[in-house]
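Per-entry structural report
Residues per chain are reported as follows:
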Amino acid sequence: MKEFEVESKSIVDIFSSNNIYKIPNYQRPYKWEDEQVEQLFDDIYEAYKNNQHDEGENYFLGSIVVTKQSSDNYEYEVIDGQQRITTLMILFCVLRDCFKNINAEYKNPDDINIQRIEQCIYINNHFQRLKFSQNPQYKNDFDLLFLNNNNSIQSFKKPSKKEIKLDDPKFKYKNTAVIIYEKLKCLLDINQDEINNFVNYLFNKVLLIKIICSNLNTAIKLFQTINDRGLDLTQLDLIKSILINKIYEENKDDLQYAKNEENSFIMVWKEIETILSKTGDYQKITMENMFTLFGYFLLGSNPKKSLHVELENQFKGKTTKEIIDEFKNFCDEYVNDLFNNNNKIVNSFWYLPWTIHPIAVIMTSLHTKYKDHLKLLILLRKFYYLYWIAGYTLSKIKQISFQLINMIKDNKDILEINEILVNKYNKDEVEKKAVENILNKDIYNHNKWIKPLLILIEYNQDDSEQREFIDLEQAHIEHILPKSYEKFYPHINKEIADNYLNSCCNLTLLKDKKNIDAGNKPFDKKIEIYKGEGKDKKQSSFLITQIIINNYEKKEITQWNEDSMKNRRKWFCNEIEKLFSIKIKENK
C-alpha cells in the first residue's frame, strides 16, 4: 500500500459497505459545543440552498484521516475527524428516531429514507459503524442515548452550560442531539419536501475527503496540516499515539501480543493520570506539562520542533514499556518529592512566574539523584528570584536553565555550577539591580514579587527544613502604617510617608480577615489585632508579624514612627542577606 490514498466520498458512501470507524483510545472524548455543531449544520444547509437547482454541485465538508491495521479488514482507526464523524452519527440517530416520514414515498433510487439511514448506523442491523475504544463509559453513554430503542431523543432537554463544560461527553452528546433536532424541526415546519430534499442533499452531495494512511506516523503528519474544522489533537494526543504505534511496530508478527501490550500501556497511562490528579493548585500539573518537563530533561535544550517530534526522536532505541515506566517514575518523583514535600526551599519555586524551567532543573536533579541536591536548591532559589526581582524576563534564564540540566546530567560538581551562576550574575549585574529594586521606596505597587519575597522571609524565620506551603491567596500584605495615616499618626508627615509607606520596612503579612480588621487603625489597635484580641481571637500565624508584636511588648517600639521603620528596614535587609547570601550595602 502507498503511504496514503485519497478518496472523495459522499456521506452515504462513507457509511456504506462494511466500513467501520473506530475512535482510538489515545483520542480525547467528544468536545463539540454549540458553535461547532451549529456551524457544521448551517454550512451544509447554506450549501443546499445555494445549489438547490443545480444537480451537479457538491459540497466539501472537510477531511478525515484514517489508518487500517491490515488490508483485509474494513475497520478504520480515526486519527483526525472524530468530532465530525461523531456529530454526523448523532445526526443520523436524530433523523431515524424523530423524522420517520423522510422520503417515505421513495420516488427515486437516490432518495434517502429511514431504512437507508439505519444502514449508516449499523451494518446488517447488528454491527455499529462507529466504535469507541477510549473510556468504556463513552461507549456506554453513546449507546444508552442513541442506540437504545427505549430512549426518546425528542424528549432530550438541552444540558446547562455548566454541564456542557464538564469533561463528561454525555452532556455534549445530548447537546448536539438537541441542536440538530431543533434545526431539522425548523425544516419540517417549512414542509415535508424541504426536509426530504435537504436529507437527500446531505447524504448524496456532501462529500468528505477520506485519507487512508498506511501507518500512524503518516497519518499524524497529514493531520497537522489539514485539520480545518475539528478540535486539533493536542501534543499529548500525538505523544500517546506515537507510543501506541511503537507497540505495534515492535510486535508486527504478533498482533494479539501487541494488543495486550497496548492494554497494559493504557492502564499505566491511567495510573499516571490518577497520580497527577492529586496535585494541588500551585503545584498542579497536567500530563502534557509533565511531558514538557520530561522532554526538557531528555533534550537538555529548548525544542526546535514540536514536542512530540522531538520526543519521538528521543524514544528511538527504547521500547514503549521502557519509556512509559521511566515516565511514571518521573511523575512519582514529582508528586512525592515536590508536591508532597513541604521543604521550605521547594515551596519557594511555586511562586515564580516561569515555573516550568526551574522545575525542569529540579526534576533533573531528582531523577538523576544528583549528590548535592539540597545545595543545588539553595543556588537555584537565589538565581531565579534575583533575576525576577531585578526585572529580567524568561529569555534571560531560559538558556542557562538548559545548561544547568546538562551539567546535572553530567554530574558536574556543585562548585562548578555555582561558578557558572556567579559569572552570569556579574555579567548581567543582577545582584545590583535586584537590591536597587528591593530598596526602592515603592516596592508595593507594580511588583508581583513582593508578596512571594515576604513569604520567603517568613519561611526563613526558623531553622526547620519543613514548613506548610503558604498559598498566595491566603496571605495578604499589611501596611503597618496605613495608607490613610493622617488621623491616627499625627507624627508622620507627608515626606516621611512618601519615603516609607510602600517600602519594605512598612509591609508584613496577615491572613484575609485580620488584614481587613487591621485596616486604618492606630498602631496599638493594630497590635491587638495582630495578637488576636480583636474579632479574630487567634494570634497571627506569620512569624514576621509576631516579631512586631514581640518588639512592642518588650517596649522596643511604642509607636510606629520613622525610627521604627528604619529599624524594620535594617531587619528586612538582614533577612534578604541571609536568604540570598548577598551583601546589600555593597550592592547599594
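The structure this text deals with has already been given above.
Okay, so let's go over this structure. Remember, it's a predicted structure, so these values are computed and weren't measured experimentally.

What about the overall build of the chain?
- Summing up its helical and strand segments, the chain has 27 helices and ten strands in all.
- A compact globule built from 588 residues should have a C-alpha radius of gyration of about 25 Å, whereas the chain, at 32 Å, is more than 25% larger.
- Across its three principal axes, the chain shows a C-alpha extent of roughly 100 × 60 × 40 Å.
- Out of the 588 residues in the chain, the part that is buried amounts to 53%.
- Long-range contacts, defined here as pairs at least 24 residues apart, represent 74% of the contacts in the chain between residues at least 6 apart.
- Per element, the accessible surface of the chain, about 27,900 Å² overall, is 46% carbon and sulfur.

Observations concerning the sheet that holds strand 2 (residues 20–23)
- Pairing is mixed in the open sheet, where six strands are placed in the order 1-8-3-4-2-7. Each having just a single partner strand, strand 1 (4–10) and strand 7 (130–132) make up the two edges of the open sheet. Put simply, the sheet's adjacent strands are angled 35 degrees from each other on average, direction ignored.
- Pairing geometry for strand 3 (residues 59–68) and strand 8 (residues 206–213), over eight bridges, is parallel. In the strand pairing of strand 8, V66 is matched with I212.

Section: helix 18 (residues 394–409)
- Over its 16 residues, helix 18 runs 22 Å from end to end, which matches the ideal 22 Å to within 8%, given 1.5 Å per residue.
- When we look at burial in helix 18, the residues that qualify are I397, I400, S401, F402, L404, I405, M407 and I408.
- Considering only its buried residues, helix 18 is in contact with helix 12 (287–299), helix 16 (356–367), helix 17 (373–389) and helix 19 (414–428).
- Of the residues trailing helix 18, N411 is marked for its positive phi of about 60 degrees.

Thoughts on the packing of aromatic side chains
- Scanning all chains against the criterion turns up 37 aromatic pairs.
- Taking the centre distance of 5.6 Å and the plane angle of 40 degrees together, the rings of Y45 and Y48 count as tilted. Of this pair, Y45 and Y48 are both found in helix 2 (residues 34–50), three residues apart, which corresponds to roughly one turn of the helix.
- Judged by relative accessible area, which is 3%, Y48 ranks as buried.
- When the ring of F132 is compared with that of Y173, the centres are 6.3 Å apart and the planes differ by 55 degrees; the resulting orientation is tilted.

Describing the side chain of N343
- Turning to its location among the elements, N343 is positioned in the loop between helix 14 (320–339) and helix 15 (344–348).
- Within polar-contact distance, the side chain of N343 engages the backbone nitrogen of V346 at 3.2 Å.
- Dropping the residues within four chain positions of it, N343 is found in contact with L374, E465 and Q466.

Observations concerning the packing of helix 17 against helix 21 (residues 450–459)
- Close contact between helix 17 and helix 21 brings their axes to 11 Å; oriented N to C, the two are set at 150 degrees. With respect to their mutual orientation, helix 17 and helix 21 come out roughly antiparallel. Relative to helix 21, helix 17 is oriented so that their crossing is left-handed. Taken together, the residues of helix 21 that come into contact with helix 17 (itself represented by R381, Y385, W388 and I389) are P452, L453 and L456.
- For the contact of helix 17 with helix 21, a count of residues per class yields six nonpolar, no polar and one charged.

Describing the nonpolar core
- Counting residues in each nonpolar core, the largest one holds 110 residues, and the members touching the most others are F291, Y334, Y384 and F580.
- Ranked by the residues each element gives to this core, the list is headed by helix 17, at eleven residues.
- Membership of the second largest hydrophobic core comes to 64 residues, among which are V78, L88, I114 and I179.

Considering the pattern of salt bridges
- Summed over the entire model, instances satisfying the criterion amount to 27 salt bridges.
- With its nearest N and O atoms 3.6 Å apart, the salt bridge here joins K22 to E77. Placement of the pair is K22 in strand 2 and E77 in strand 4 (residues 75–80), with a sequence separation of 55 residues.
- Owing to a relative accessible area of 9%, K22 belongs among the buried residues under this scheme.

Looking at unusual backbone geometry
- Although it is not a glycine, K369 adopts a positive phi angle of roughly 55 degrees.
- Mapped onto the fold, K369 is located in the loop between helix 16 and helix 17.
- Located in the positive-phi region is N411, a residue other than glycine, with phi close to 60 degrees.
- Relative to the assigned elements, N411 resides in the loop between helix 18 and helix 19.
- On the basis of relative accessibility, which here comes to 44%, the residue N411 falls in the partly exposed class.

Here's the deal with the pairing of strand 3
- Counting buried positions over the ten residues of strand 3 gives eight, a clear majority of the element.
- With four bridges joining them, strand 3 and strand 4 adopt antiparallel strand pairing. The partner of T67 across the bridge, within strand 4, is E77.

Brief notes about helix 20 (residues 430–438)
- Looking at helix 20, one finds that the buried residues are V430, A434, V435 and I438. For helix 20, the angular spread of the buried residues around the axis is 125 degrees, confining them to a single face.

Observations regarding the environment of L243
- Tracing the backbone through its elements, the reader meets L243 in helix 10 (residues 235–250).
- A C-alpha to C-alpha distance of 34 Å links L243 and D372, two positions 129 residues apart in sequence.
- The contacts of L243, once residues within four sequence positions are left out, are F265, W269, F291, F315, T320 and I323.

Focus: the state of the cysteines
- Using the criterion set out here, one finds zero disulfides in the structure.
- Left unpaired, C93 is separated from the closest cysteine sulfur, that of C98, by 9.9 Å.
- Given a relative accessible area of 0%, C93 falls into the buried group.
- The cysteine C505 is free of any disulfide, with C504 supplying the nearest cysteine sulfur at 5.6 Å.

Cut-offs and rules
Residues numbered from 1 in each chain as written. Predicted model: local features only at pLDDT ≥ 70, side-chain atom pairs only at ≥ 80, totals over all residues. Heavy atoms only, no water. Helix = DSSP H or I, 4+ residues; strand = E, 2+ residues; numbered from the N terminus. Rg over C-alpha atoms; globule rule 2.2 N^0.38 Å. Buried < 20%, exposed > 50% of the residue type's maximum accessible area, 1.4 Å probe, protein only. Contact = heavy atoms within 4.5 Å. Areas by Shrake-Rupley, 256 points an atom, 1.4 Å probe, with all protein chains shown as cover. Pairing = 2+ DSSP bridges. Axes fitted to C-alpha atoms, helices over the stretch in contact; angles between N-to-C directions. Expected span 1.5 Å × (residues − 1). Phe/Tyr/Trp six-rings, centres within 6.5 Å; stacked < 30°, edge-to-face > 60°. Polar contact = N/O pair within 3.5 Å; in protein donor to acceptor, adjacent residues only side chain to side chain. Parallel < 35°, antiparallel > 145°, perpendicular 65-115°, else oblique. Left-handed = near helix turned anticlockwise from the far one by under 90°. Nonpolar A, V, L, I, M, F, W, Y, C, P; charged D, E, K, R; others polar. Core = buried A, V, L, I, M, F, W, Y, C linked by side-chain atoms within 4.5 Å. Salt bridge = Lys/Arg side-chain N within 4 Å of Asp/Glu carboxyl O. Arc of directions from axis to C-beta. Disulfide = S-S within 2.5 Å.

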